[in-house]
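# Summary of the model geometry
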Amino acid sequence: MIRLGLPVIVLLIGTAWFGWASYRRAVQAEQALAEVNAEHRALMREVRSLERAVAAAEQGLRTLSSHPSVPRDVAVTADLTLADVRRLVERNKEIDD
């Protein structure tokens, strides 16, 4: 009876330990996933904020380049910068997709 009982007890203890370790790993993975999701949401909020800032800058550059009192070389520079801003926004949209 002792020969049969000891392996069963060891098997039960091993099964319980394995179950507990698996549960702890699952909890840690769930916490890590929650952290990653929170960071992703924060980064997406920052990206949207930057997109709004870029849109405002683009509008300001468009207004600057079309204003009659702005010298031609400044207007051309503003247009080039506007093209750079558009490229950055498009590249950002490609990364998001």
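Our subject is the structure that appears above.
Now for a description of the structure that goes with this document. (Residues numbered from 1 in each chain as written. Predicted model: local features only at pLDDT ≥ 70, side-chain atom pairs only at ≥ 80, totals over all residues. Heavy atoms only, no water.)

Okay, the overall build of the chain next. Scanning the chain from N- to C-terminus turns up two helices and zero strands. Of the roughly 8,200 Å² of accessible surface on the chain, a fraction of 65% belongs to carbon and sulfur atoms. (Helix = DSSP H or I, 4+ residues; strand = E, 2+ residues; numbered from the N terminus. Areas by Shrake-Rupley, 256 points an atom, 1.4 Å probe, with all protein chains shown as cover.)

Under the criterion given, the structure shown has one aromatic pair. Relative to Tyr 23, the ring of Trp 20 has its centre 5.6 Å away and its plane inclined at 35°; by these criteria the two rings are tilted. Here the residue Trp 20 and the residue Tyr 23 both occupy positions in helix α1 (residues 2-66), the gap between them amounting to three residues, near one helical turn. A relative accessible area of 46% means that Tyr 23 is categorised as partly exposed. (Phe/Tyr/Trp six-rings, centres within 6.5 Å; stacked < 30°, edge-to-face > 60°. Buried < 20%, exposed > 50% of the residue type's maximum accessible area, 1.4 Å probe, protein only.)

Below, the discussion takes up a positive patch on the surface. Judged by side-chain charge, Arg 41, Arg 45, Arg 48 and Arg 52 come together as a positively charged surface patch. Within the secondary structure layout, Arg 41 lies in helix α1. (Patch = residues over 30% accessible without salt bridge, like charges linked within 9 Å, V, L, I, M, F, W, Y side chains within 5 Å. Salt bridge = Lys/Arg side-chain N within 4 Å of Asp/Glu carboxyl O. Lys, Arg positive; Asp, Glu negative; His and termini not counted. Charge placed at Lys NZ, Arg CZ, Asp CG, Glu CD.)

Residues Leu 4, Val 8 and Leu 12 make up a contiguous nonpolar surface patch of roughly 310 Å² in combined accessible area. Residue position: Leu 4 is located in helix α1.

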